[in-house]
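Per-entry structural report
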Amino acid sequence: VGSTGHGNLPLCWTQPVSGTSTSNYLGAYNYTVHNGNNCLRFNYSTPTGNYAMLPAFADLNTLYMKFWHRPESNTNSSCGTLYIGYVTDANDMSTFVPLKTIEYSSVTTTYTEEKIYFNTAPADARIVFKHVANTSNWYWHVDDVTIDKIPSCFEPENVTISNMTSNTLTIKWTIPNGQPNATYIIKHGDAALLTTNVNDTVYIARSEERRVGKECR
């Protein structure tokens, strides 16, 4: 986005529900960006919510999106909720289908990366961000949006290692949306001494595998 202010959107993006600089504000903003000069700032103050629709992509069900975002506050409910999904009719926001719902209190006020997979969307659907807040002048910022082909191997998310003892440790992760039957391979040791196929989101490594604390992948 080259210019700042209400109505200045990324190239080929649209605001389906019209607004003004004080109501349903949507436009570039050059403060608290994640990268570059500007970010996209949402300010909602009408019951319909505030929408930003991306340009059309062929075969949306083969794509995924990465983006960074932050609410103005994660303690004040006025910041509301950010929804990410798609519409089946670009002229009718009532066809909006959310794939991800982010509450103001579930994230920090520093930028967080999100990934949204559109493999369950119709091929001709349109990607949409929707912001709903509880009052005006509370913002949500979105930056560095990228669209790419869904990879053949879905990367696990939110990987954590905990409960480490001399005999065991616990590995947990989140399966990306739309992949309920995903299977992951856990490898241990410098030469991949043990390979384990896992179709759950929790794995407990035993004593003979305890080096996984440094080498799990």
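Residues numbered from 1 in each chain as written. Predicted model: local features only at pLDDT ≥ 70, side-chain atom pairs only at ≥ 80, totals over all residues. Heavy atoms only, no water.

Structural notes on unusual backbone geometry
Here is the rule: Every helix listed is a DSSP run of H or I at least four residues long, and every strand listed is a run of E at least two residues long, numbered separately from the N terminus. Throughout, exposure labels follow a simple rule: accessible area from a 1.4 Å probe, protein chains only, divided by the maximum for the residue type, with under 20% read as buried, over 50% as exposed, and the rest as partly exposed.
For cysteine 12, which is not a glycine, the phi torsion comes out positive at approximately 75°. If you trace the backbone, cysteine 12 turns up in the loop between strand S1 (5-6) and strand S2 (25-29). The residue asparagine 163 is not glycine, and still its phi comes out positive at about 55°. Turning to its location among the elements, asparagine 163 is positioned in the loop between strand S11 (157-162) and strand S12 (169-174). Classification of asparagine 163 as exposed rests on a relative accessible area of 53%.

Quick word on the pairing of strand S3 (residues 39-43)
Spelled out, the test is: For two strands to be treated as a pair, DSSP must find at least two bridges joining them.
With five of five residues buried, S3 lies mostly within the body of the structure. Here S3 shows two buried faces, one formed by Cys39, Arg41 and Asn43 and the other by Leu40 and Phe42. For S3 and strand S10 (residues 139-149), the ladder comprises four bridges, and the chain directions are antiparallel. From the neighbouring strand, asparagine 43 faces S10, where its bridge partner is tyrosine 139.

So, the sheet that holds strand S9 (residues 126-132)
For clarity, the cut-off: Under this scheme, a helix contributes an axis fitted over its contacting stretch, all axes are lines through C-alpha atoms, and angles between N-to-C directions fall in the 0 to 180 degree range.
Pairing is antiparallel across the open sheet formed by four strands, whose spatial order is S4-S9-S6-S7. Looking at the sheet topology across the chains shown, the edges are occupied by strand S4 (50-53) and strand S7 (96-103). Here the average twist between neighbouring strands, direction ignored, is 25°. In terms of strand pairing, strand S6 (residues 81-87) meets S9 through seven bridges, oriented antiparallel. When the bridges of S9 are listed, tyrosine 83 appears paired with lysine 130.

What about the environment of aspartate 144?
Note the cut-off: Contacts: residue pairs with any heavy atoms within 4.5 Å of one another. Polar contacts, as counted here, are pairs of nitrogen or oxygen atoms within 3.5 Å of one another; within protein the pair requires one atom able to donate a hydrogen and one able to accept it, and residues that are adjacent in sequence qualify only if both atoms are side-chain atoms.
Position of aspartate 144 among the secondary structure elements: in strand S10. Separated by 111 residues in sequence, aspartate 144 and valine 33 place their C-alpha atoms 9.3 Å apart. Other than its neighbours up to four places away in sequence, aspartate 144 contacts His34, Asn35, Lys66, Phe67 and Trp68. Of note is the side chain of aspartate 144, whose polar atom sits 2.6 Å from the side chain of histidine 34.

Points about the environment of aspartate 89
For aspartate 89, the location among the structural elements is in the loop between S6 and S7. Residue aspartate 89 is classed as partly exposed on the basis of its relative accessible area of 32%. A distance of 2.9 Å separates a polar atom in the side chain of aspartate 89 from the backbone nitrogen of asparagine 91.

Section: the packing of aromatic side chains
Defined as follows: For Phe, Tyr and Trp, where Trp contributes only its six-membered ring, two rings pair if their centres lie within 6.5 Å, and the inter-plane angle classes them as stacked under 30 degrees, edge-to-face over 60, or tilted in between. Counting as a charge over the ring demands two things of the Lys NZ or Arg CZ atom: a distance within 6 Å of the ring centre and an angle within 35 degrees of the ring normal.
Summed over the entire model, instances satisfying the criterion amount to five aromatic pairs. Taking 6.2 Å as the distance between ring centres and 75° as the angle between the ring planes, the aromatic pair formed by tyrosine 51 and phenylalanine 96 counts as edge-to-face. Residue tyrosine 51 is found in strand S4, and its partner phenylalanine 96 is found in strand S7; the two are separated by 45 residues along the sequence. Comparing tyrosine 51 with phenylalanine 96, the two get one shared label, buried. Look at tyrosine 64 and tyrosine 117: their rings are 5.2 Å apart centre to centre, the planes differ by 15°, and that puts the pair in the stacked class. Of this pair, tyrosine 64 sits in strand S5 (residues 63-71) while tyrosine 117 sits in strand S8 (residues 112-117); the two residues are 53 residues apart in sequence, bridging distant segments of the chain. Each member of the pair tyrosine 64 and tyrosine 117 is classed as buried. An aromatic cluster is defined as three or more aromatic residues linked by ring pairs; in this entry it consists of Trp13, Phe42, Phe67 and Phe129. One residue, arginine 41, lies across the ring of tyrosine 139, its end atom 3.9 Å from the ring centre. Looking at lysine 130, its charged tip hangs above the ring of tyrosine 83, at a distance of 5.7 Å from the centre.

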